[in-house]
Amino acid sequence: SNALKIFEYFNNNQNIIIDSIYCNNPRANVINVFQKLSVKTVLFNKKELYERAFLEAIISTNPDLIVLAGFLLKIPKKMVSAFENRIINIHPSLLPKYGGKGMYGLNIHKEVLLNKEKFSGLTIHYVNKEYDKGAVIFQKKIKINEEETPESLSSKVLKLEHENYSLIIEKILSNEGL
């Protein structure tokens, strides 16, 4: 849903263009949605992600920014090096808490509630060579209610993601600084 929200936000923007979408999940709905929107879609597998040809294909498009939205695989070190501070990701917790391998979806929200956190939220960060350890660009927190469930917390955080991710992308690309 973040990818679609980003597309909708920038759809009529003459300065920021979504060139293509890359996806490693052949069952992901995002592929069909973006094909219908006439956005170039590239399907790849985990093995291809780590091949030199894949990196060269990305380099040849010369992106100003690579935006991850729901991407769970670790970005190869060579790609991180080639696009230093040009790959961003969004994470549904206040990093550095609840980040790393296996920390996605309801897993995060269950852990947040299990640990009786008072706040949760989202983090937008640069991607580096470690899961969820890149420099934080933006965080937004929300108070957790006593009756919160993993599903209700997930819904609240997703709403924050939809409200903020495109704005932060725009600020990064317009060099407004953060």
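From a predicted model like this one, the values you see are computed outputs, not experimental measurements.

Engineer: What am I meant to see in helix α4 (residues 52–61) here?
Structural biologist: What sets the pattern is the α-helix's 3.6 residues per turn: residues three or four places apart point alike. Those residues of α4 lying buried are Phe54, Leu55 and Ile58. Down the axis of α4, the smallest arc covering the buried residues is 95°, so these residues share one side. Facing away from the buried side of α4, by more than 90 degrees, are the exposed residues Ala53 and Ser60. Packing partners of the buried residues in α4 comprise β1 (20–23), α3 (46–49), β3 (66–67) and α5 (77–82). Asn62 occupies a position one or two residues after α4 and carries a positive phi of about 50°.

Engineer: Please explain the pairing of strand β5 (residues 119–126) as it appears in this structure.
Structural biologist: Note on strand geometry: in a regular strand, side chains alternate between the two faces of the sheet. By the criterion of burial, β5 is predominantly enclosed, with six of the eight residues buried. In this sheet, β5 lies alongside strand β4 (residues 87–91) in antiparallel orientation, the contact comprising four bridges. The partner of Asn89 across the bridge, within β5, is His125. With seven bridges joining them, β5 and strand β6 (residues 136–143) adopt antiparallel strand pairing. Each residue of the ladder has a partner; that of His125, found in β6, is Val136.

Engineer: Is there a simple way to think about a positive patch on the surface in this case?
Structural biologist: Together, Lys46, Lys74, Lys77, Lys101 and Lys129 line one region of the surface with positive charge. Note on placement: Lys46 falls in helix α3.

Engineer: When you look at the pattern of salt bridges in this model, what are you seeing that I'm missing?
Structural biologist: All chains considered together, the criterion is met by five salt bridges. With a closest N to O distance of 3.0 Å, Glu56 and Arg52 form a salt bridge. Within this pair, Glu56 and its partner Arg52 are both found in helix α4, separated by four residues, close to a single helical turn. On the basis of relative accessible area, Arg52 is assigned to the partly exposed category, the value being 49%. Ionic pairing is found between Glu148 and Lys156, a salt bridge with its closest N-O pair at 3.0 Å.

Engineer: What am I meant to see in the packing of helix α1 (residues 2–10) against helix α2 (residues 29–36) here?
Structural biologist: Helix-helix packing is described using two parameters, namely the angle between the two axes and the distance between the axes. For the pair α1 and α2, the least separation of the axes is 10 Å and the interaxial angle reads 20°. For the element pair α1 / α2, the angle class is roughly parallel. Of the two possible hands of crossing, α1 and α2 adopt the one that is right-handed. Between α1, through Ala3, Leu4 and Phe7, and α2, the contact on the second element is made entirely by Val30, Val33 and Phe34. When its residues are assigned to classes, the contact of α1 with α2 shows six nonpolar, no polar and no charged.

Thresholds applied
Residues numbered from 1 in each chain as written. Predicted model: local features only at pLDDT ≥ 70, side-chain atom pairs only at ≥ 80, totals over all residues. Heavy atoms only, no water. Buried < 20%, exposed > 50% of the residue type's maximum accessible area, 1.4 Å probe, protein only. Helix = DSSP H or I, 4+ residues; strand = E, 2+ residues; numbered from the N terminus. Arc of directions from axis to C-beta. Contact = heavy atoms within 4.5 Å. Pairing = 2+ DSSP bridges. Patch = residues over 30% accessible without salt bridge, like charges linked within 9 Å, V, L, I, M, F, W, Y side chains within 5 Å. Areas by Shrake-Rupley, 256 points an atom, 1.4 Å probe, with all protein chains shown as cover. Salt bridge = Lys/Arg side-chain N within 4 Å of Asp/Glu carboxyl O. Lys, Arg positive; Asp, Glu negative; His and termini not counted. Charge placed at Lys NZ, Arg CZ, Asp CG, Glu CD. Axes fitted to C-alpha atoms, helices over the stretch in contact; angles between N-to-C directions. Parallel < 35°, antiparallel > 145°, perpendicular 65-115°, else oblique. Left-handed = near helix turned anticlockwise from the far one by under 90°. Nonpolar A, V, L, I, M, F, W, Y, C, P; charged D, E, K, R; others polar.

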